[in-house]
Amino acid sequence: MTATLVQRPPSRFAGARATSPLAEQLHPPMPDDRLVGWIVTLGVTALAAVLRFVDLARPHAVVFDETYYMKDALSFLRFGYEHTTVDKANDIILSGNGDWRTVDVFTGTGSFVVHPPVGKWTIALGEYLFGVTPFGWRFMPALLGTLAVLVTVRIGRRLTRSTLIGGLAGFLLAIDGMAIVMSRTALLDGTLMFWGLVAFACLLLDRDRTRRRLADHVLGFQTDRDAIAALGAGIGPLTGLRPWRWAAGLALGLACATKWSGIWFLVAFGLMTVVWDIGMRRSIGVRVEQAWLGALLEGLAAMVSIVGTAVVVYVASWVGWLRTDGGYDRQWAATNPADGPWGFVPDALRSLWHYHSEMLRFNTTLSSPHSYQSNAWSWLLQTRPTSFFYESYDLGSHGCTVDKCSAEVLALGNPFIWWGATAALIYLAWRWFTRRDWRAGAVVLAILAGWAPWLGFQGRTIFTFYSVAFVPFMCLALALMLMTWLGPPGASLARRRTGVIWVGLYVLLCVAGSWFFYSIWTAETIPYTLWHIHMWFPTWV
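Each chain has its residues counted from 1, running along the sequence as written. Residues qualify for local features only when their pLDDT is at least 70, as the model is predicted, and side-chain atom pairs are given and counted only at 80 or more; totals for whole chains, interfaces and linings, by contrast, use all residues. As a rule here, side-chain values cover all heavy atoms of the structure and leave hydrogens and water aside.

Trainee: Lay out the layout of surface pockets with the relevant residues and their values.
Mentor: The gaps left among the atoms become clear once a water-sized probe is rolled over them. Definitions used throughout: a 1 Å grid over protein atoms alone; a cavity as a set of points that fits a 1.4 Å probe which cannot get out; a pocket as an open set with protein on both sides within 12 Å along at least five of seven lines; a lining residue as one with an atom within 4 Å of a point. Grid points are joined across faces, edges and corners, and a volume is the space filled by probe spheres set on the points. In this structure, the second largest pocket spans a volume of roughly 760 Å³. Lining the second largest pocket are 31 residues, and of these Arg207, Val275, Trp276, Arg436 and Trp438 sit closest to its centre. Among the secondary structure elements, those contributing two or more residues to the lining of the second largest pocket are helix H1 (21-26), helix H6 (134-160), helix H9 (189-219), helix H12 (262-283), helix H17 (415-435) and helix H18 (438-451). Tallying contributions element by element places H12 first for the lining of the second largest pocket, with 9 residues. Polar here means any residue other than Ala, Val, Leu, Ile, Met, Phe, Trp, Tyr, Cys and Pro, which are nonpolar, and Asp, Glu, Lys and Arg, which are charged; Gly is therefore polar. The residue makeup of the lining of the second largest pocket, split by class, is 19 nonpolar, 4 polar and 8 charged. Helix and strand definitions here come from DSSP, where helices need a minimum of 4 consecutive H or I residues and strands a minimum of 2 consecutive E residues; each element is numbered from the N-terminal end.

Have a look at this one:
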């Protein structure tokens, strides 16, 4: 017989137990410092906002691949799909008044693009609000980068049941160079990172909500043994509607509709939530094979709620291209009639399918050499960062007060954070396999979802800044490792004091690193000799 969690939990009736070991195992209580938790969250988020929004319009230039995305975003505002542009379009935009309704740099021909629309619509929102200016096209990436810090604090707090560790994870993300640079640049990867992070948060909330309701049922029985006997029968309880899974599907759909690499988060997180359900069933005494069966049966519902929602959101993101006639390949089906069983598919969808085949071919075969391309194996150690912008200035120009100055935007993570997080990744992988630590496993899986697929593209042109997709999880991994430095619950005062000293010293080192590198993350004009001091390795130049 199978119980259901849809009905009213027995623990809400008079006579229910106040607590039990099984209930606390299923759902450990959240910390009771809710007000302090939000003060920490908003304080760390405010710091992130300052580091991302101050002088956001610097440099007053089109930085790296902004040359594609800020114009695509403008084209969305004007036409609903991407257009090709005239020569020197960047100069025309930078010298104009920023009014998106009057800026005219388009040829009237649809442009072939290789990424879906959501990231560019995100940039377009900033241009709509603040104009087609460096501040306008960078506003939304900066906002999402700031909100990502808030989400990271809340994830860390919920994972560890510790406001301190959650705040530490968010603080590390707030001051990391890769996160700062990608929040201050109008590229797509920051939007991908944000929606992948939100999806993880939604599934974490789903896990907590489902286990909390099950814990309520456990408390309705006189003993844990009675609860296991009743709830552990058959495949275990049915969990009913899971709204946070639908929310995760929405977020993952937006991630995939920003860059296709979002699909790896969809796969990884879909498997993760099913494995979490297996663990939940095993904890209440469901036999292994029955636990798998129950989780897989409800996994079908998860597929509908997560994958189904993601597919709908992805297709809907192309509405501008579908509802107009001038987009690239929009009329392909009209000149290529359907054969055989595909005749029932509308021409617009067949054209979209063909367009995607062209995008796939480009994305899997791109091999044009680039001076800043990097192998994915090097990303964790940040050995080949990407220079987005570099200018040399002479005395009296752009605030230069010496003979020779430099200004650069270098997509380089804080070395102390990334090198420490790499060690943390190895440590958490060990905890996952040897101690079955689900928190370690979830964070490691999220990092691998953002990083491991790129290891298979050894011949493709790729860049270190793609790693921003998993930088929040690197910060979470580092925070989890630092939590162990502080000592386990019940540790002696001397052990705690030692842990606090080491964690404090390490965090101060990270802060010093961010203070040192901030100038080359944000295009500050500095003496050339000082810029050269920042180049610790030849591969950073």
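Trainee: So what's going on with the pattern of salt bridges? Residues and values would help.
Mentor: Whenever Lys or Arg places a side-chain nitrogen within 4 Å of a carboxyl oxygen from Asp or Glu, that contact is recorded as a salt bridge. Inspection of every chain in the model, using the stated rule, returns 19 salt bridges. Two residues, arginine 350 and aspartate 347, come together in a salt bridge whose shortest N-O distance is 3.5 Å. Taken together, the residues arginine 350 and aspartate 347, both in helix H16 (residues 347-365) and 3 residues apart, mark about one turn of the helix. Salt bridges linked by common partners bring Asp206, Arg242, Arg245 and Asp277 together as one network.

Trainee: Requested: an account of the side chain of threonine 464, with residues and values cited.
Mentor: Positionally, threonine 464 belongs in the loop between H18 and helix H19 (471-485). Among the polar contacts listed, one links the side chain of threonine 464 to the backbone oxygen of arginine 384, at a separation of 2.7 Å. Pairs of residues are marked as contacts when any of their non-hydrogen atoms sit within 4.5 Å. Sequence-distant contacts of threonine 464, that is, excluding residues within four places in its chain, are made with Met178, Ser374, Trp379, Gln382, Arg384, Pro385 and Thr386. Any pair of N or O atoms that falls within 3.5 Å is considered a polar contact. Within protein, one atom must be able to donate a hydrogen and the other to accept it, and sequence-neighbouring residues count only if both atoms are side-chain atoms.

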